[in-house]
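Here is what each chain is made of, one letter per residue.
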Amino acid sequence: MPKPNQTLGEFIIENQADFPGSSGELSRLINSLRLAAKVVNHEVNKAGLVDIIGAYGETNVQGEDQQKLDVYANNKFIQTLTNREIVCGIASEENDDFIQIKGHKGDNQNKYVVLMDPLDGSSNIDVNVSVGTIFSIYQRVTPVGTPVQIEDFLQPGNKQVAAGYIIYGTSTMLVYTTGHGVNGFTLNPALGSWYLSHPDMQFPEDGQIYSINEGNYVHFPQGVKDYIKWCQQEEGNRPYTSRYIGSMVSDIHRNMIKGGIFMYPKSSKASDGKLRLLYECNPMAFLTEQAGGKASDGFKRILDIKPTELHQRVPFFCGSRKMVEKAEEFMAKAE
Ligand code: AHM
Ligand code: MG
């Protein structure tokens, strides 16, 4: 049971009972992530003060400009997890390939791999808009003590043991699930502690906010165009409100609290959309389902997709259950 003023540390210890027979490895892993998050938060917060914003001068594996803070956040999360020998492998949106962590003795006995987007929405940093970190945790499928392999990372989202995001916003929050609901913790920057501020987060079943980059309208599939027009019609509780920050973590976080749908569909310019299945869609889909919402590619459940490559992209529809179902209805009709 969540208690008032409970810190994340206390909450983790108390909820270890969710994993009977566990060795505490997952708890230690989440502890490491919350530590790295604090360090990254400190850096993100002073982005306007120092020469750390702006493009790094390199492009990542998807051909996009890397921002300096992307690189910083990526290094910080990798460093923290590597130094503490808390996982056996890491895959990041910012790295071409996955990283094997062998450990000091060369036979890493840890059983978890982490996949992450260290700084999602980083194009927003220069304009002081919220960004986020997304993480996804799986148990490896290859034997402990051997080097991790690609199949340890290419697991369907329904195998995640934990997932979460950190939102560096007006306040900084860490929201995560271990498959027993979703809980949100707010950082008290004066004390450096995370406090349980949003226990048992739930997506409203229905909502009135739709979030999509409508600038791409002409390139969208017919089903998405029809759904957008429906959202804009005057009838019942419509027209809906349009809200698009362009920072997925923030858009979905808001929708989880207020009720809404977030969409990044495929388009005639991008046949699988933009967002990455492993680093962005799977963790957000796991959190969404755990909060009573729904996440699909417009036709089928995101968490059941069997990934074929690390940087795979997928169309993404995520949010209040009734809204996602309505969007799917339009998609199916237009097929
Ligand atoms: P990133 O990981 O390179 O930051 O890209 C992902 C971000 C999401 O946070 C956001 O929803 C989307 O890209 C916005 O893209 P667009 O500008 O095409 O609407
Ligand atoms: Mg991203």
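The shown structure was predicted, so the numbers you read here are calculated from the model rather than taken from an experiment.

*Asks:* What's the story with the overall build of the chain in this structure? I'm lost.
*Replies:* The helix and strand inventory of the chain stands at eight helices and 15 strands. Here the C-alpha atoms of the chain give a radius of gyration of 19 Å, agreeing with the 20 Å that 2.2 N^0.38 yields for 335 residues. Within the chain, buried positions represent 46% of all 335 residues. Within the chain, counting contacts between residues at least 6 apart in sequence, those at least 24 apart form 66% of the total.

*Asks:* Hey, could you run me through the site of ligand 1 in this one?
*Replies:* Residues in contact with ligand 1, as listed here, are Glu-64, Asp-117, Asp-120, Gly-121, Ser-122, Asn-213, Gly-246, Ser-247, Met-248, Tyr-264 and Lys-274. Considered class by class, the residues forming the shell around ligand 1 number two nonpolar, five polar and four charged.

*Asks:* Where do I start with the UniProt feature "binding site: Mg(2+) 2" (unreviewed entry) in the chain in this structure?
*Replies:* In the UniProt entry, the feature "binding site: Mg(2+) 2" (unreviewed entry) is given for Asp-117, Asp-120 and Glu-280. Across 164 residues, the annotated set stays spatially compact, with a maximum C-alpha separation of 8.4 Å. Note on Asp-117: 28 C-beta atoms within 10 Å, which makes it buried. Beyond its immediate sequence surroundings of up to four residues, Asp-117 is in contact with Glu-93, Thr-133, Ile-134, Tyr-279 and Glu-280. Tracing the backbone shows Glu-280 in helix 7 (residues 277-290). We classify Glu-280 as buried; it has 27 C-beta atoms within 10 Å. The residues contacting Glu-280, other than those within four sequence positions of it, are Asp-117, Asp-120, Ile-134, Met-248 and Leu-275.

*Asks:* Whenever I open this one, the UniProt feature "binding site: substrate" (unreviewed entry) in the chain confuses me. Can you help?
*Replies:* Sites flagged by UniProt as "binding site: substrate" (unreviewed entry) map to Asp-120, Gly-121, Ser-122, Ser-123, Asn-213, Tyr-244 and Lys-274. If you trace the backbone, Ser-122 turns up in the loop between strand 5 (112-120) and strand 6 (131-139). Ser-122 gets classed as buried once you count the C-beta atoms within 10 Å, which come to 25. When you line up the elements, Asn-213 lands in the loop between strand 11 (209-211) and helix 5 (222-232).

*Asks:* Honestly, the environment of Gly-293 in this entry has me stumped. Any pointers?
*Replies:* With respect to the helices and strands, the residue Gly-293 is situated in the loop between helix 7 and strand 14 (294-296). Under the C-beta neighbour-count criterion, Gly-293 is labelled buried, with 31 such atoms within 10 Å. A C-alpha to C-alpha distance of 8.4 Å links Gly-293 and Val-324, two positions 31 residues apart in sequence. Setting aside residues no more than four positions away along its own chain, Gly-293 makes contact with Phe-203, Thr-288, Cys-318, Gly-319, Ser-320 and Arg-321.

*Asks:* Explanation requested: the nonpolar core in the structure shown.
*Replies:* Counting 88 residues, the largest nonpolar core has Val-87, Val-113 and Val-114 as its most contacted members. Those residues within four positions of Val-87 in sequence are excluded, and the remaining contacts are Leu-29, Leu-81, Ile-101, Asn-110, Tyr-112, Val-113 and Val-114.

*Asks:* For this particular structure, what's the right way to read the sheet that holds strand 15 (residues 316-319)?
*Replies:* Working definition: the strands of a sheet are paired by backbone hydrogen bonds and lie parallel or antiparallel to each other. Spatially, 12-11-13-15-14 is the arrangement adopted by the five strands of the open sheet, whose pairing is mixed. A single partner strand is all that each edge strand has here, and the edge strands are strand 12 (241-242) and strand 14. The sheet contact formed by strand 11 and strand 12 spans two bridges and is parallel. Pairing of Tyr-210 across the sheet is with Ser-242, part of strand 12.

*Asks:* What is the right way to read the confidence of the model for the chain from this model?
*Replies:* Predicted coordinates in areas of low pLDDT are best not read in detail. Here the chain averages 93 in pLDDT, while 94% of its residues score no lower than 70. Here the prediction assigns the complex a pTM of 0.95, and the interface score ipTM is 0.95.

*Asks:* Please clarify how helix 2 (residues 25-45) should be interpreted in this entry.
*Replies:* Residues spaced three or four apart along an α-helix point in a common direction, a consequence of the helix completing one turn every 3.6 residues. Counted at 1.5 Å a residue, the expected span for helix 2 with its 21 residues is 30 Å, and the 30 Å between its end C-alpha atoms agrees. Turning to helix 2, its buried residues number three or more, namely Leu-26, Leu-29, Ile-30, Ser-32, Leu-33, Arg-34, Ala-36, Ala-37, Val-40, Asn-41 and Val-44.

*Asks:* I'm lost on the environment of Ser-211 in this one. Help?
*Replies:* By the element assignment, Ser-211 lies in strand 11. Residues Ser-211 and Val-144 lie 67 residues apart in sequence; the distance between their C-alpha atoms is 42 Å. The residues touching Ser-211, leaving out its near neighbours within four places in the chain, are Arg-243, Tyr-244, Asp-251, Asn-255, Gly-260, Ile-261, Phe-262 and Met-263.

*Asks:* Looking at this structure, how should I read the pairing of strand 3 (residues 89-92)?
*Replies:* A regular strand carries its side chains on alternate faces of the sheet. Along strand 3, one buried face is formed by Gly-89 and Ala-91 and the opposite face, lined by Ile-90 and Ser-92, is buried too. The turn linking strand 3 back onto strand 4 (residues 99-100) is made up of six residues. The pairing of strand 3 with strand 5 spans four bridges and is classified as parallel. From the neighbouring strand, Gly-89 faces strand 5, where its bridge partner is Val-113.

*Asks:* Looking at this structure, how should I read the sheet that holds strand 10 (residues 193-198)?
*Replies:* The sheet built from eight strands is open, its strands ordered 4-3-5-6-7-8-9-10 with mixed pairing. Two strands in the sheet have a free side with no partner beyond their single neighbour: strand 4 and strand 10. Contacts from helix 3 (residues 68-83) reach strand 3, strand 4, strand 5 and strand 6 within the one sheet, and its direction differs from that of strand 5 by about 160 degrees. Here helix 6 (residues 248-258) sits on the sheet and contacts strand 5, strand 6 and strand 7 (162-168); the angle it forms with strand 7, its principal contact strand, is near 100 degrees.

Cut-offs applied
- Residues numbered from 1 in each chain as written.
- Chains lettered and ligands numbered in written order.
- Predicted model: local features only at pLDDT ≥ 70, side-chain atom pairs only at ≥ 80, totals over all residues.
- Helix = DSSP H or I, 4+ residues; strand = E, 2+ residues; numbered from the N terminus.
- Rg over C-alpha atoms; globule rule 2.2 N^0.38 Å.
- Buried ≥ 20, exposed ≤ 12 C-beta atoms within 10 Å, placed from the backbone.
- Contact = placed C-beta atoms within 7 Å.
- Near = placed C-beta within 6 Å.
- Nonpolar A, V, L, I, M, F, W, Y, C, P; charged D, E, K, R; others polar.
- UniProt positions renumbered as here; feature names shortened; annotations may be inferred.
- Core = buried A, V, L, I, M, F, W, Y, C linked by C-beta atoms within 7 Å.
- Pairing = 2+ DSSP bridges.
- pLDDT = per-residue confidence, 0-100.
- Expected span 1.5 Å × (residues − 1).
- Axes fitted to C-alpha atoms, helices over the stretch in contact; angles between N-to-C directions.

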